[in-house]
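# Descriptive analysis of the structure
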Amino acid sequence: MVTLNRHKFEVCAYLARRNIDILACNETRLTARKAFNVAGYNIIRQDRTSASGGVAIIIRDTIPYVRVDIPQRFALIDNQPLYAIIARLPTTTGRDLYI
């Protein structure tokens, strides 16, 4: 989904129509100055620092999760920023789910 803010209405409609619990998005093109909220969901994001990029995970607010930090040494690939996020979701089986 390129430019998440520009497609907010479509994202909200898709989440509602399909009863989506978790949605992963790339090429969000969000920056720290751009708010992005969806009612009923939490959003974890790694905003871009250049003209493109950025990722987000949109998680229904009834689902517990923990954002997992990515070590700094993985932040660059070929001197280009790596836009990545990881969420850990605890399960009842004791085997956490990573997204």
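For the structure given in this document, a descriptive report is provided here. (Residues numbered from 1 in each chain as written. Predicted model: local features only at pLDDT ≥ 70, side-chain atom pairs only at ≥ 80, totals over all residues. Heavy atoms only, no water.)

## Quick look at the overall build of the protein chain
Spelled out, the test is: Counting from the N terminus, the helices are DSSP H or I runs at least four residues long and the strands are E runs at least two residues long. For every residue, the accessible area obtained with a 1.4 Å probe (protein chains only) is divided by the maximum for its type, and the residue is called buried under 20%, exposed over 50%, and partly exposed between those limits. We call two residues in contact whenever any of their non-hydrogen atoms come within 4.5 Å of each other. Throughout, the Shrake-Rupley method with a 1.4 Å probe supplies accessible areas, and for residues the shown protein chains are the sole cover considered.
Broken down by element type, the protein chain carries one helix and eight strands. Ordered by position from N to C terminus, the α and β elements of the protein chain give α-β-β-β-β-β-β-β-β. Taking all 99 residues of the protein chain together, the buried fraction comes to 31%. Put simply, 49% of the contacts in the protein chain that link residues at least 6 apart link residues at least 24 apart. Here the protein chain has roughly 6700 Å² of accessible surface; of this, 52% comes from carbon and sulfur atoms.

## Some words on the nonpolar core
Keep this limit in mind: Definition of nonpolar core: a set of buried residues of the types Ala, Val, Leu, Ile, Met, Phe, Trp, Tyr and Cys, connected through side-chain atoms within 4.5 Å.
Grouped together as the largest cluster of nonpolar side chains are 13 residues, with contacts concentrated most on L4, L15, L23, F36 and I58. Counting residues per element, the ones that place at least two in this core are α1 (8–18), β1 (22–26), β2 (41–46) and β3 (55–60). When residues no more than four places from it in sequence are discounted, the contact partners of L23 are V11, Y14, L15, A56, I57 and I58. Counting nine residues, the second largest nonpolar core, distinct from the first, contains V55, I57, I59 and L89.

## Some words on the side chain of D47
Just so we agree on the cut-off: Pairing of N or O atoms within 3.5 Å defines a polar contact, subject to two protein rules: one partner must be a possible hydrogen donor and the other a possible acceptor, and residues neighboring in sequence count only if both atoms are side-chain atoms.
One can find D47 in the loop between β2 and β3. At a separation of 3.4 Å, a polar atom in the side chain of D47 contacts the main-chain amide nitrogen of A32. Separated by 2.8 Å, the side chains of D47 and R45 make a polar contact. Beyond its immediate sequence surroundings of up to four residues, D47 is in contact with L30, T31, A32, G54 and Y83.

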